[in-house]
Amino acid sequence: MDEPRTPPTSRNVLEEVGVPTGPARRERSDDRRRAPGEGPSAAPERSETPLHPDPLPATGAREKAVPAPLGLLAELTHRCPLGCPYCSNPLALDPRADELDTASWARVFREAAGLGVLQVHLSGGEPAARRDLPEIVQAAREAGLYSNLITSAVGLTPQTLSVLADRGLDHVQISIQDSEEASADHIAGYKGASARKRALAAEVVRLGLPLTVNMVVHRANIGRIEPMVELALALGASRIEVAHVQYYGWALKNRAALMPTRAQVEAAVGQVERLRKAHQGRIVIDAVVPDYYARLPKPCVGGWGRRSLNVTPAGKVLPCHAAEVIPGLEFWNVREHSLGEIWRASPAFNAFRGDDWMREPCRSCASKEKDFGGCRCQAFLIAGDARAADPVCHLSPHHALLAPLAADIADGPYSYRHS
């Protein structure tokens, strides 16, 4: 996908991976065009009562109920025309020949709905690289899932978008790399990308689909947050995510070229607050400071194995999209197991559920039921131990590692992600 994992907000796990909330299913065509979470079709509040009260298997050694997931991130393909240097896809991309077929995705959607999932986020790569995208959207609709298309907008034609809307697509999220077209195209590694994105955004609005703009923030564009918000308003977006790069996948490879300075981040935080007040009631502005400059960890995807699933193009099921960086985890595949079996019993999902795995200071911390120890992938990538406290936390013995990493800034060329 050409956007990073977006940090969590206070609404639900789907916001935590950078996508909007909304109803599980639209029963009327006018409802399908309503913005997520608005009006009488909004989804009811989810009870915390678990859908599956089975105790966890012995691999977790915890007698706790498994909560019902809310969101499914469906990575339909790793193919993408863009080369964004912060792409959250893994460095080793799944080849086209290994991608799940249409029928397999339809089965995954039905099983997800049976687990309690409300929303599916159709991502990639670029989802439009798949010719069966209309059938996939229809399968999500038939399963009763609210569908959000996360797209680069390059390679998705107005004609195909119209077909997707007719098949039941509920929402579109488009990433825009910068308000300045030359800079945007340079960041994307694709000449003409910015113009295509703006044109497709206009088509999304013309069709009456709700639009979110995703602005991936890093050193090259952090000074243009206000023009980006103005652009999102001009495009007719109801929401913009000011999504600071999260350093996994290709972003980690390009960290020195992407990392903003502390002064830039502090200025951006103040600017976002001013823009929220100035545009209150016109557009929702979501933003979170980058982890490397934070003092408290985020509850990554609502807690490991608690709220969401990620299915890779080849069918591997992950607790979060970066989980494969942690060595020794066993990830089950939808080709061999049902989604329900994976959710409840797979070793990877049970590895960091509950708090048995925690070490101090997390184990005795009063915030452990809120932040769940922070990000396991980040703990491994920075501290070398997936069971350590997230180094972002100021109480972590590894917190001091962040400052020199954030200060390691270089103006060299990007290492572009290419399919």
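Quick caveat, the model's predicted, so the values are computed rather than measured.

Our next topic: the environment of Pro 319. Within the secondary structure layout, Pro 319 lies in the loop between β11 (317-318) and α12 (339-345). You can call Pro 319 buried: its relative accessible area is 1%. Distance from Pro 319 to Phe 331, taken between C-alpha atoms, is 9.2 Å for residues twelve residues apart in sequence. Pro 319 has contacts with Val 301, Trp 304, Gly 305, Ser 308, Phe 331, Ala 348 and Phe 349, leaving out every residue within four places of it along the chain.

This brings us to the confidence of the model for the protein. Any segment with low pLDDT has predicted coordinates that should not be analysed in fine detail. On average, the protein scores 86 in pLDDT, and the residues at 70 or more come to 84%. Low pLDDT, under 50, characterises residues 3-63; the stretch is placed with 186 contacts to residues that sit more than four places away or in other chains.

On to the pattern of salt bridges. Applying the stated rule across the entire model yields 16 salt bridges. Among the ionic pairs, Arg 239 bridges to Glu 241, the shortest N-O distance being 2.9 Å. Neither Arg 239 nor Glu 241 differs from the other in exposure class; each is buried. Notably, a salt bridge pairs Glu 273 with Arg 276, separated by 2.6 Å at the nearest N-O pair. One end of the pair, Glu 273, and the other, Arg 276, are both in helix α11 (residues 262-278), three residues apart, so they sit about a helical turn from each other.

Definitions and limits used
Residues numbered from 1 in each chain as written. Predicted model: local features only at pLDDT ≥ 70, side-chain atom pairs only at ≥ 80, totals over all residues. Heavy atoms only, no water. Helix = DSSP H or I, 4+ residues; strand = E, 2+ residues; numbered from the N terminus. Buried < 20%, exposed > 50% of the residue type's maximum accessible area, 1.4 Å probe, protein only. Contact = heavy atoms within 4.5 Å. pLDDT = per-residue confidence, 0-100. Salt bridge = Lys/Arg side-chain N within 4 Å of Asp/Glu carboxyl O.

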